[in-house]
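Next come the chains, spelled out residue by residue.
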Amino acid sequence: MTAPAEIQLHFTSTDMSVRQALIRLLAQLARHVPDQDDLGRVEIVVAEALNNVVEHAYCSAGMGPVDLRCRFGCGRLFVTIGDEGVPVPQAILVPEVVQAPLPLPEELPEGGWGWMLIRELTENLSYHRVGGRNELTLEMLVSIRDS
């Protein structure tokens, strides 16, 4: 079974829609990505990015359209998330330099770790704002099932 050229999902930015989109995405990816660790990494990254769209991009508007596209190439999965919400602040996109040792998990504050997780679990990310639209592309190494 060869990997699809592209997986496309379109939905509205609500918590329930994000959950349903993730379920559909992972079901489709599981046919082509045999490694459960790869699937788990994809789930964490995409969930964090989509939750940011719901919580921040559309915070003032309430909700709006989200496009999720995935394509395979050269042992990589490219995930592009598009929305019409507010722009992503540039400061968020700059990798943080952690100079002190991280606290114990039970001492970590709630929230604010999503972008660090996304950066840590992806090979590359790019963000563009074009014509009132956000486009975030995440690149991850994944094993792809041969036919």
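Structure shown above.
> Before we go on, may I ask you to explain the nonpolar core in this structure?
Soluble globular proteins: nonpolar side chains tend toward being buried together. The biggest cluster of nonpolar side chains holds 35 residues, and the ones touching the most others in it are Leu 68, Val 79 and Ile 81. Where this core is concerned, the elements lending two or more residues are β1 (7-12), α1 (15-30), α2 (36-57), β2 (65-73), β3 (76-83), α4 (114-121) and β5 (133-141). Sort the elements by how many residues they give to this core and α2 lands first, with ten residues. Excluding anything up to four places from it in sequence, Val 79 contacts Val 46, Leu 68, Arg 69, Cys 70, Leu 136, Thr 137, Leu 138 and Met 140.

> Where do I start with α1 in this structure?
The periodicity of an α-helix, 3.6 residues per turn, causes residues three or four places apart in sequence to face the same way. In this model, α1 (16 residues) spans 22 Å end to end at C-alpha, consistent with the 22 Å of a helix rising 1.5 Å per residue. Every buried residue of α1 is listed here: Ser 17, Val 18, Ala 21, Leu 22, Leu 25, Leu 26 and Leu 29. Taken end-on, α1 shows its buried residues confined to a sector of 160°, consistent with a single buried face. Among the exposed residues of α1, those oriented more than 90 degrees off its buried face are Arg 19 and Ile 23.

> How should the packing of aromatic side chains be read in this particular structure?
Working definition: an aromatic ring pair is given by the centre-to-centre distance plus the angle between the planes. This structure, assessed with the given rule, holds zero aromatic pairs. For Arg 71, the ring lying beneath its charged end belongs to Phe 78, and the centroid distance is 4.5 Å.

> When you look at the pairing of β3 in this model, what are you seeing that I'm missing?
Working note: regular strand, side chains alternate between the two faces of the sheet. Burial analysis of β3 places seven of its eight residues in the buried class, the great majority of the element. Across eight bridges, β2 lies against β3 in antiparallel orientation. Following the sheet pairing, Arg 69 is matched in β3 by Thr 80. Hairpin connection between β2 and β3: a loop of two residues separates the two successive antiparallel strands, and Cys 74 in this loop has a positive phi of roughly 55°. Sheet topology places β3 next to β5; eight bridges connect them, and they run antiparallel. The residue of β5 that forms the bridge with Gly 82 is Glu 135.

> Even after reading the chapter, I still don't get the sheet that holds β5, so can you show me in this structure?
In any sheet, the strands associate via hydrogen bonds between backbone groups, in a parallel or an antiparallel arrangement. Strands sit in the order β1-β2-β3-β5-β4 across an open sheet of five strands; the sheet is antiparallel. Either end of the sheet is taken by a strand with one partner, and the two such strands are β1 and β4 (124-130). Averaged over all pairs of adjacent strands, the angle between their axes in this sheet comes to 15°, without regard to strand direction. Note that β4 and β5 share seven bridges and pair antiparallel. Of the residues in β5, the one forming a bridge with Val 130 is Arg 133.

> Could you clarify how one ought to interpret the packing of α1 against α2 in this entry?
When two helices pack together, their arrangement is given by the angle between the helix axes and by the axis-to-axis distance. One can describe the packing of α1 onto α2 by two numbers: an axis separation of 10 Å at closest approach and a directional angle of 155°. In this view, α1 runs roughly antiparallel relative to α2, as classed from their interaxial angle. When the axes of α1 and α2 are compared, the crossing they make is right-handed. Between α1 and α2, the contacting residues are Asp 15, Val 18, Leu 22, Leu 25, Leu 26, Leu 29 and Ala 30 on the first element and Leu 39, Val 42, Glu 43, Val 46, Ala 47, Leu 50, Asn 51 and Val 54 on the second.

> For this particular structure, what's the right way to read the environment of Asn 51?
Relative to the helices and strands, Asn 51 resides in helix α2. Considered as a pair, Asn 51 and Asp 15 are 36 residues apart in the sequence and their alpha carbons are 7.5 Å apart.

Cut-offs used in this document
- Residues numbered from 1 in each chain as written.
- Predicted model: local features only at pLDDT ≥ 70, side-chain atom pairs only at ≥ 80, totals over all residues.
- Heavy atoms only, no water.
- Core = buried A, V, L, I, M, F, W, Y, C linked by side-chain atoms within 4.5 Å.
- Buried < 20%, exposed > 50% of the residue type's maximum accessible area, 1.4 Å probe, protein only.
- Helix = DSSP H or I, 4+ residues; strand = E, 2+ residues; numbered from the N terminus.
- Contact = heavy atoms within 4.5 Å.
- Expected span 1.5 Å × (residues − 1).
- Arc of directions from axis to C-beta.
- Phe/Tyr/Trp six-rings, centres within 6.5 Å; stacked < 30°, edge-to-face > 60°.
- Lys NZ or Arg CZ within 6 Å of the ring centre and 35° of its normal.
- Pairing = 2+ DSSP bridges.
- Axes fitted to C-alpha atoms, helices over the stretch in contact; angles between N-to-C directions.
- Parallel < 35°, antiparallel > 145°, perpendicular 65-115°, else oblique.
- Left-handed = near helix turned anticlockwise from the far one by under 90°.

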